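For reference, the chains in residue letters:
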Amino acid sequence: MTITVPEPALVLLVGPAGAGKSTFAHAHFRRSEVVSSDAMREMLSGDAADQGASAEAFRVLDIIVNGRLRRRLTPVVDATNLRAANRRRYRRLAARYGIPTVVIAFDLQAETYQRRNSGRVDRIVPEPVVADHIDRMRAAVEELRGEGHAAVYLLRDGDSHVDLTRQASDAAGAGS
Ligand code: UTP
Ligand code: MG
């Protein structure tokens, strides 16, 4: 599996809790590129799972995403991104800067999400919450290709090796 990410791009990771988004982000992107809703909640409240801090966490996250796009730096949004409306909002924001959006979605078996989630040492998301995410993920997988992203990659069970390459953007936007 080869993933090509233009430089810069807005990268949206899409997947239920336990999918492996943060693990993937850590393995393939620079630390400063990854903007995580869990990290924002933790900074605000001391607890990455504190849903009461979510609204504020996403406002902070959005400020960073916007600031990086304005500087023509790649942000990687490490959140579930399961709502089409949120993905559209991010895509439009990036488009305002002439920056393409790349979606990397974790289209795995339901058991894989649940197994990865329940096997975590730090923060286990309640099983019914993961089940709800899985329902929304099924809808997302149907919708993603029609949303106007520059590229949509679906990671599947068994895609053990992912080769992520960065591609210098063409001149559009960069030099003007
Ligand atoms: P992550 O913590 O990366 O999931 O992996 P996530 O998508 O970011 O989850 P949320 O949305 O923040 O809740 C979940 C667990 O799955 C393991 C990780 O080590 C972690 O314990 N994992 C991840 C695997 O076993 N294999 C993988 O390929 C990826
Ligand atoms: Mg995570």
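Calculation rules
- Per chain, residues are indexed from 1 in the order of the written sequence.
- Chains and ligands are labelled sequentially in the order written, the chains with letters from A and the ligands with numbers from 1.
- Restriction of local features to residues with pLDDT of at least 70 applies here, the model being predicted, together with a cutoff of 80 or more for giving and counting side-chain atom pairs; totals for whole chains, interfaces and linings are based on all residues.
- The basis for the side-chain values is all heavy atoms of the structure; hydrogens and waters are excluded.
- Whether two strands pair comes down to DSSP finding at least two bridges between them.
- A run of DSSP states H or I qualifies as a helix once it reaches four residues; a run of E qualifies as a strand once it reaches two. Both are numbered from the N-terminal end.
- Every axis in this analysis is a line fitted to C-alpha atoms, fitted for helices over the stretch in contact. Angles between the N-to-C directions lie between 0 and 180 degrees.
- Contact definition: two residues touch when any of their heavy atoms are within 4.5 Å.
- Whenever a carboxyl oxygen of Asp or Glu lies within 4 Å of a side-chain nitrogen of Lys or Arg, that contact is scored as a salt bridge.
- Only protein chains enter the calculation, and the probe is 1.4 Å; a residue is then buried if its accessible area is under 20% of its type maximum, exposed if over 50%, and partly exposed in between.

**Q** If you had to explain the sheet that holds strand E5 (residues 101–106) to someone new, which residues and values would you point to?
**A** Strand order in the open sheet made by the five strands is E3-E4-E2-E5-E6, with parallel pairing throughout. The open sheet terminates on both sides in strands that have one partner only, identified here as strand E3 (34–36) and strand E6 (151–155). Each neighbouring strand pair of the sheet contributes to a mean axis angle of 20 degrees, computed without reference to strand direction. Relative to E6, E5 runs parallel, the two being bridged by five bridges. By the bridge assignment, Val-102 is partnered in E6 with Ala-151. Along the sheet, helix H2 (residues 37–45) makes contact with E3 and strand E4 (76–78), crossing E3 at roughly 60 degrees.

**Q** Just give me the short version of the environment of Asp-50, but keep the residues and values in it.
**A** With respect to the helices, strands and loops of the structure, Asp-50 is situated in the loop between H2 and helix H3 (54–70). Distance in space between the C-alpha atoms of Asp-50 and Asp-38 is 8.8 Å, their sequence separation being twelve residues. In contact with Asp-50, other than residues within four places in its own chain, are Arg-41 and Ser-45.

**Q** Quick rundown of the pattern of salt bridges? Include the residues and the values.
**A** When the charged atoms of two side chains with opposite charge come close together, those side chains can pair. A full pass over the atoms with the stated rule returns twelve salt bridges. For Glu-143, the salt bridge goes to Arg-87, with nearest N and O atoms at 3.1 Å. With Glu-143 in helix H6 (residues 127–143) and Arg-87 in helix H4 (residues 84–96), this residue pair connects regions lying 56 residues apart in the sequence. Using a relative accessible area of 35% as the deciding quantity, one classes Glu-143 as partly exposed. Taken together, the shared-partner salt bridges connect Glu-7, Arg-30, Glu-33 and Arg-166 into one network.

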